[in-house]
Amino acid sequence: MKINIDKFLFNSLIVLITLKLLLSYLSVELGWWQRHLTPNVVKFNPLHLPENITKILEYMIIPILIIFITKNYRYLSKLKKLIYIGILMSMLNIFTGFYNGIDLIKSLEYTLKLMAPVLLFVCIVIQHDKYKFDIKKLTKNLLILCTILTLIGYLIFDRSYNHDKLWLPIYFASVHTHSYVLVIIGMGFSYFLYQNQKYFSFLIFVFLYLVFLYFGHRIRTPMIFFLIYVVFVSSSINNFFKVLWIKLVFFIPIFAVLFILIKQDININEFSSGRLVMYEAKYEMLKGYSPMEYLLGRGKGSDFITTDYWVYEDKNSHNDLLTFLVENGVIYALLFLFLLFSLITLNGRKINIIFSGVVLAYLAASLLSNGLTIRPVASYLLFVVMAYMFLCIKDRKERVQNNITCHE
């Protein structure tokens with residue numbers, strides 16, 4: 001019996017990513033305030049798997065992604081530019097590593113984390129175009145799986161701790177990664193409601209889901225990611241929401257400034273979790289960069305410093321774009337932005353508002369904190385949902401063009 005290599009490679013990818021989601025609970029680390037608890041890797045690990053099992057799986061996933069794409073290079077079409085950008089970013093990492101005397105794999109780490117989910121997106125599109133692969137079924141299955149795993153975590157794991165408070169237990173790697181996974185679950189299921197034109201159900205669902213995110217974990221950046229997605233989807237439902245969001249965008253900054261002026265005892269740096277102190281420190285650091293350092297950065301790890309706010313340990317910029325600038329240089333940071341722009345314009349000149357909203361939410365998360373770029377556990381799920389959105393848009397566009405051709 002002849003084996004279909006494409007299907008074998010693709011199914012292997014899905015199995016490995018599913019395992020990565022299933023086993024991500026083993027890499028949950030306990031903070032100082034939870035030091036009396038037993039880590040998951042000890043308490044819930046009957047197979048005695050290593051704590052870094054998800055990273056080991058990553059080294060299996062990436063070669064398969066590259067092999068699949070190389071084998072199907074002729075099917076890339078407009079997706080080629082995503083691959084080329086990834087290659088350029090990797091080459092810059094190599095130059096930066098050599099220039100700063102940093103280990104090659106360590107230097108490539110951010111690019112591998114950033115690009116692997118993008119490559120999965122590319123693989124899904126190719127598989128769909130070649131074999132009419134059922135992306136909707138895959139998306140639903142992964143969303144249901146992550147929902148079940150989340151509920152299992154809530155039932156058997158210890159409470160999580162963040163910002164001096166106890167929150168619901170987490171399953172996926174860390175409190176931030178877990179929150180991003182929750183947001184993507186909400187985004188995926190709400191998009192199904194939107195597709196079926198159940199707009200009222202969509203609005204009720206996203207409102208209740210935001211309440212759940214707020215009281216369940218209250219991690220701000222993932223919530224902002226979800227809110228940006230909701231703004232773009234609701235704007236496409238009704239002009240009322242479009243006008244409402246435009247007014248809010250105009251008035252919220254004014255109210256925020258007035259609130260700060262009236263309540264002068266508010267500590268902006270405290271509210272930003274030390275980001276202002278960190279940004280000031282990075283500004284001083286960048287002032288001392290040489291021209292070559294501006295081009296190539298100072299290498300992996302150079303973004304981690306001790307500040308007056310985080311005196312107890314080294315912390316990074318809490319801003320992916322700034323991290324890329326500090327560690328990999330200005331060209332790398334610009335390539336990251338161009339990668340996101342390329343995703344938005346994949347369907348041609350006519351930009352889809354919802355898909356663009358998701359990409360902009362991804363960028364906003366990176367500007368406000370360490371977003372999805374360095375969280376492949378959540379990012380794989382995101383790009384599966386994005387592939388589903390992209391292919392729905394692409395198929396709809398092709399049907400419209402075919403109808404026009406038939407009428408002519």
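These remarks concern the structure in this document. Values in this document were obtained by computation on a predicted structure and should not be read as measured data.

Before going further, it helps to spend a moment on the nonpolar core. Looking at soluble globular proteins, one finds that nonpolar side chains tend to be buried together. The biggest cluster of nonpolar side chains holds 108 residues, and the ones touching the most others in it are Phe-121, Phe-225, Phe-226, Tyr-229 and Leu-382. At 16 residues, helix 17 (residues 376-407) tops the list of elements feeding residues into this core. Look past the residues within four positions of Tyr-229 in its chain and what remains in contact with it is Met-187, Ser-190, Tyr-191, Phe-202, Ile-354, Val-358 and Met-389. Counting 7 residues, the second largest nonpolar core, distinct from the first, contains Met-278, Met-285, Tyr-289 and Val-326.

At a minimum axis separation of 10 Å, helix 6 (residues 135-156) and helix 7 (residues 175-195) run at an interaxial angle of 135°. The angle between helix 6 and helix 7 falls in the class oblique. Crossing of helix 6 against helix 7: the hand is left-handed. Residues Lys-136, Thr-139, Lys-140, Leu-143, Ile-144, Cys-146, Thr-147, Thr-150 and Tyr-154 of helix 6 form the contact with helix 7, whose own contacting residues are His-178, Val-181, Leu-182, Ile-184, Ile-185, Gly-188, Phe-189 and Phe-192. For the contact of helix 6 with helix 7, a count of residues per class yields 10 nonpolar, 5 polar and 2 charged.

The contact between helix 3 (residues 53-71) and helix 5 (residues 104-131) brings their axes to 9 Å, and the two run at 50°. Taken together, the axes of helix 3 and helix 5 lie oblique to each other. Crossing of helix 3 against helix 5: the hand is left-handed. Contacts between helix 3 and helix 5 involve Glu-58, Tyr-59, Ile-62, Leu-65, Phe-68 and Ile-69 from the former and Ile-105, Leu-112, Ala-116, Leu-119, Leu-120, Val-122, Cys-123, Ile-126 and Gln-127 from the latter. Split into classes, the residues belonging to the contact of helix 3 with helix 5 amount to 13 nonpolar, 1 polar and 1 charged.

Here is what the cut-offs are and how they apply
- Residues numbered from 1 in each chain as written.
- Predicted model: local features only at pLDDT ≥ 70, side-chain atom pairs only at ≥ 80, totals over all residues.
- Heavy atoms only, no water.
- Core = buried A, V, L, I, M, F, W, Y, C linked by side-chain atoms within 4.5 Å.
- Buried < 20%, exposed > 50% of the residue type's maximum accessible area, 1.4 Å probe, protein only.
- Helix = DSSP H or I, 4+ residues; strand = E, 2+ residues; numbered from the N terminus.
- Contact = heavy atoms within 4.5 Å.
- Axes fitted to C-alpha atoms, helices over the stretch in contact; angles between N-to-C directions.
- Parallel < 35°, antiparallel > 145°, perpendicular 65-115°, else oblique.
- Left-handed = near helix turned anticlockwise from the far one by under 90°.
- Nonpolar A, V, L, I, M, F, W, Y, C, P; charged D, E, K, R; others polar.

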